[in-house]
Amino acid sequence: MVNSPLILVVAATFLILSAPRNSYAEVQSPPWNEKMKQLSATLVDAYPFFFTKTAFRQAENDRTVRRLIAEMRSNTHEIPVSAGERLLGSEPLIAQARDQMSKSFSEAESAFKVKDYDRSQTLIQQGVGMCVACHTAQGYGRHFQKRNDEMFNMFTPTEDKVTGLLAIRQFDSALAAIENSFSQKSKHKDSASQLHQLNKLYLVISVRAEANIERAKSFLKTASQNRNLKAVDKDSALEWGRQLTKWELIKNQPPEQQLVWLTAEKGKETGDRTFLYNLISTRILHQSFVEKMTAEEKSSAYLKLALAYDQLKLPQLDPLAKIYARACLKVAKLPTVRTECQTIL
């Protein structure tokens, strides 16, 4: 693998998310559904090439890779933003994700034509990685349980595999891939630093997409005992388990009360021990978007999201800090708010 999965940026929209105020049946859009199916089908075919160094560069695969990049570029460019915005409400994520994905695949196509394989593969992985944040932002919509065995069983770094599975909304399979890595059932042996990142990704899926807290607590307890993890990372895993237990006691309270509690608890911690509190904050803030918001309400929500993503320090979600900081600048009027947004950019 030429590029670490940690460079994957993440913010996009391959398959349907449903807004909290509507059911899936109420918001489904035929143009949106069709485009998401096309993107998903292409990604399944493309994964062995996009995430494997050798296959991506082999001469006999040149025509296939070119076709797959072109399909991704075309389908991404044609994502019906207006239909997607119906699903997420007052969100800048759909439009900005579509634009960034389209740019990534267009530049990847050009780089591949001149045999700049490293750059092309990096850009492709950036484009594919943009699915993850949108698919985990609110946790609504379809969850595809049937596992794609070809993707799941491939000898690729687990983070790459998880990214691909999340891109086609196979959340349970993504969790299983991480669990396999810790139980040493995975063919690919992840390093200590990769395992720590997988702990964080497990929380992203569990807290933001699946809302399966018991499974997450059980996993973290097991992960904290993994002999390949560094001592400090074992401690973080144990602490995140304790934090989940505390959050369970208040997670049915109104969002504003939860955010006050999260801010207070986060102030007691440092470093990675604040990760879960920031992650939960992003989930609540995403779910708080409604169709009609004033400019002041939008700027406040966007700034809070930008700050939370910036403080997460998770490469997969880093780009969202800038997405929401730019969105904040477009509507913010108060100089203090604008200054805070500028510091993130």
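Up top you'll find the structure we're talking about.
Right, let's walk through the structure included here. Values in this document were obtained by computation on a predicted structure and should not be read as measured data.

### Details of the overall build of the chain
Moving on, step 1. Regarding its fold elements, the chain presents 19 helices and zero strands.
Moving on, step 2. Residue burial in the chain is summarised as follows: out of 345 residues, 57% are buried.

### Regarding the nonpolar core
Moving on, step 1. Ranked by size, the top nonpolar core spans 97 residues in total, and within it Phe50, Ile178, Leu203, Leu244, Leu279 and Tyr324 carry the most contacts.
Moving on, step 2. By residue number, the principal contributor to this core is helix 12 (residues 192-210), which donates nine residues.
Moving on, step 3. Contact partners of leucine 203, with chain neighbours within four places excluded, come to Arg208, Leu220, Trp240, Leu244, Phe275, Leu276 and Leu279.

### Description of the packing of helix 16 (residues 275-287) against helix 17 (residues 295-312)
Moving on, step 1. It is at 9 Å that the axes of helix 16 and helix 17 come closest, and there the two elements cross at 150°. Put simply, helix 16 runs roughly antiparallel to helix 17. Judged by the twist between their axes, the crossing of helix 16 over helix 17 is left-handed. Here Phe275, Asn278, Leu279, Thr282, Leu285 and His286 of helix 16 come into contact with helix 17, specifically with Lys304, Leu305, Ala308, Tyr309, Gln311 and Leu312.
Moving on, step 2. The residue inventory of the contact of helix 16 with helix 17, partitioned by class, reads seven nonpolar, four polar and one charged.

### A look at the packing of aromatic side chains
Moving on, step 1. Counted under the stated rule, the structure contains 10 aromatic pairs.
Moving on, step 2. Relative to phenylalanine 219, the ring of phenylalanine 182 has its centre 5.1 Å away and its plane inclined at 85°; by these criteria the two rings are edge-to-face. Residue phenylalanine 182 is found in helix 11 (residues 171-182), and its partner phenylalanine 219 is found in helix 13 (residues 213-223); the two are separated by 37 residues along the sequence.
Moving on, step 3. Seen in terms of ring centroids, tyrosine 302 and tyrosine 324 are 6.1 Å apart; in terms of plane orientation they differ by 45°. Their pairing is tilted. Note that tyrosine 302 is positioned in helix 17 and tyrosine 324 in helix 18 (residues 318-331), a separation of 22 residues in sequence. Each of the two residues, tyrosine 302 as well as tyrosine 324, counts as buried.
Moving on, step 4. Here the aromatic residues Phe56, Phe112 and Tyr117 are joined through ring pairs into a cluster of three or more.

### Side note on the pattern of salt bridges
Moving on, step 1. Under the definition given, this model contains 18 salt bridges.
Moving on, step 2. Between arginine 273 and aspartate 235 there is a salt bridge; the shortest N-O distance is 2.6 Å. Placement of arginine 273 in the loop between helix 15 (255-266) and helix 16 and of aspartate 235 in helix 14 (residues 231-248) is noted, with a sequence separation of 38 residues between them.
Moving on, step 3. A relative accessible area of 23% places arginine 273 in the partly exposed class.
Moving on, step 4. With a closest N to O distance of 2.9 Å, arginine 242 and glutamate 239 form a salt bridge. With a gap of three residues between them, arginine 242 and glutamate 239 both fall in helix 14, about one helical turn apart.
Moving on, step 5. For glutamate 239, a relative accessible area of 5% translates into the label buried.
Moving on, step 6. The network of salt bridges with common partners includes Asp235, Glu239, Arg242, Glu269 and Arg273.

Scoring rules and cut-offs
Residues numbered from 1 in each chain as written. Predicted model: local features only at pLDDT ≥ 70, side-chain atom pairs only at ≥ 80, totals over all residues. Heavy atoms only, no water. Helix = DSSP H or I, 4+ residues; strand = E, 2+ residues; numbered from the N terminus. Buried < 20%, exposed > 50% of the residue type's maximum accessible area, 1.4 Å probe, protein only. Core = buried A, V, L, I, M, F, W, Y, C linked by side-chain atoms within 4.5 Å. Contact = heavy atoms within 4.5 Å. Axes fitted to C-alpha atoms, helices over the stretch in contact; angles between N-to-C directions. Parallel < 35°, antiparallel > 145°, perpendicular 65-115°, else oblique. Left-handed = near helix turned anticlockwise from the far one by under 90°. Nonpolar A, V, L, I, M, F, W, Y, C, P; charged D, E, K, R; others polar. Phe/Tyr/Trp six-rings, centres within 6.5 Å; stacked < 30°, edge-to-face > 60°. Salt bridge = Lys/Arg side-chain N within 4 Å of Asp/Glu carboxyl O.

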